[in-house]
Amino acid sequence: MNATCNFTATHLLEYLYCPRFTYFEYVLDIPERQEKRFKVMKGRSIHESAIKTNRQYLRKKLNVVEKRNNVYLSTKSGLRGVVDEILFFSDHTAAPLDFKYAKFKNRLFMTHRFQLVFYAKLIIENYDTNVNQGFLVFTRSKNKLIEVNLSIKDFKQFDQIIFNMHQTITNCRYPKGTAYKTRCIDCCYKNICER
C-alpha cells in the first residue's frame, strides 16, 4: 500500500481480528490468500445471490422508500468499498445493510459494528445524509435481520482504528498481536508471527 493508505472493509476486519494482519500484508507485502478460505468464498457467493434475488425488494416495515444494491463508493480520506444495500428512509436518513454468511448467536461482534460504521462513512460522504443505524442479515439463520444503532462514540472509535492502521503502515510499526490466542491457531501468518 502507498502512503495514502486506501482501506476497504476487508482491511478493517483483518486489523480488528489481529493488528498484525495489517503489518504482514501491507508492510511486508505477504498476501493473506483469502481466495483459499471456504467461508470467505461462500460468503461472496451468498452476497452475489442475495443481490440478484432481492434487487426490487423494499423493506417497507422499516420505512424504506428507496434502496441501491451493490454500490461501489469511495471517500477523499481513502476509504473504498462495495455496500451490499443502501437503504433510504422516509425521514431522509440512510443506512447500510450487509449480508453475513453466518448464524446469529444473540450477540453482536465488534467486527460487525465497525464494518457497518465503515459503510456508514462511505454513505455519509457520498450522499450527504445522516446515518444513525445499520442492518445485518444473517443468511444461515433464515435471513434474520438485525438493526444496529450507530453512535457518535462508534464513529470516534472507528476514526482511531483507521488512524492506528495508518500508523502501522506508514511507520512500518509492528503492532501487538490479538489478545485472543485461539485466533492464532488457524492464522495464515502463524509460522512467521512472534507469539
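Residues numbered from 1 in each chain as written. Predicted model: local features only at pLDDT ≥ 70, side-chain atom pairs only at ≥ 80, totals over all residues. Heavy atoms only, no water.

> What am I meant to see in unusual backbone geometry here?
Negative phi characterises most residues that are not glycine, and trans characterises most peptide bonds. Although it is not a glycine, N63 sits at a positive phi angle of roughly 65°. Inspection of the secondary structure puts N63 in the loop between α3 (38-53) and β1 (64-74). Using a relative accessible area of 47% as the deciding quantity, one classes N63 as partly exposed. Backbone geometry places N70, a non-glycine residue, at a positive phi of 55°. Among the structural elements, N70 can be located in strand β1. (Helix = DSSP H or I, 4+ residues; strand = E, 2+ residues; numbered from the N terminus. Buried < 20%, exposed > 50% of the residue type's maximum accessible area, 1.4 Å probe, protein only.)

> Help me understand the environment of K105, please; the structure alone is not making it clear to me.
As for its placement among the helices and strands, K105 is situated in the loop between β3 (94-100) and α4 (110-127). Take K105: its relative accessible area is 61%, and that puts it in the exposed class. When the C-alpha atoms of K105 and F138 are compared, they prove to be 9.8 Å apart, with 33 residues separating the residues in sequence.

> Looking at this model, I keep getting lost on the nonpolar core. Mind explaining?
Across soluble globular proteins, nonpolar side chains have a tendency to be buried as a group. By size, the foremost hydrophobic cluster in this structure holds 35 residues, and its most contacted members are L12, I86, F118, L150 and F158. Every element with two or more residues in this core is listed here: α1 (9-17), β1, β2 (80-89), α4, β4 (133-138), β5 (144-149) and α5 (152-170). If one sorts the elements of this core by residue count, α4 sits on top with eight residues. When sequence neighbours within four positions are dropped, the list of residues in contact with F158 reads L12, L79, F114, V117, F118 and K121. Counting eight residues, the second largest nonpolar core, distinct from the first, contains A95, F99, F135 and V137. (Core = buried A, V, L, I, M, F, W, Y, C linked by side-chain atoms within 4.5 Å. Contact = heavy atoms within 4.5 Å.)

> Help me out: how do you make sense of the sheet that holds β3 in this one?
Adjacent strands of a sheet form backbone hydrogen bonds with each other and so pair up, either parallel or antiparallel. Here five strands make up an open sheet; going across it, the order is β1-β2-β3-β4-β5 and the pairing mixed. Each end of this open sheet is capped by a strand with a single partner; those strands are β1 and β5. Averaged over all neighbouring strand pairs, the angle between strand axes comes to 30°, with direction disregarded. Of the strand pairs in this sheet, β3 and β4 are connected by four bridges, and their pairing is parallel. Looking at β4, one finds that K100 is bridged to F138. (Pairing = 2+ DSSP bridges. Axes fitted to C-alpha atoms, helices over the stretch in contact; angles between N-to-C directions.)

> How should empty space enclosed by the protein be read in this particular structure?
Empty pockets left among the atoms are what a rolling probe the size of a water molecule brings to light. Under the defined criterion, the tally for this structure stands at one cavity of 30 Å³ or more. What the largest cavity holds in volume is close to 120 Å³. Residue contributions to the lining of the largest cavity peak at three residues, all from helix α2 (residues 20-27). Of the residues that constitute the lining of the largest cavity, the class distribution is eight nonpolar, two polar and six charged. (1 Å grid on protein atoms, 1.4 Å probe; cavity = no way out; pocket = protein on both sides within 12 Å on 5 of 7 lines; lining within 4 Å. Points joined across faces, edges and corners; volume = space filled by probe spheres on them. Nonpolar A, V, L, I, M, F, W, Y, C, P; charged D, E, K, R; others polar.)

Functional significance is not addressed by these values, which are geometric in nature.
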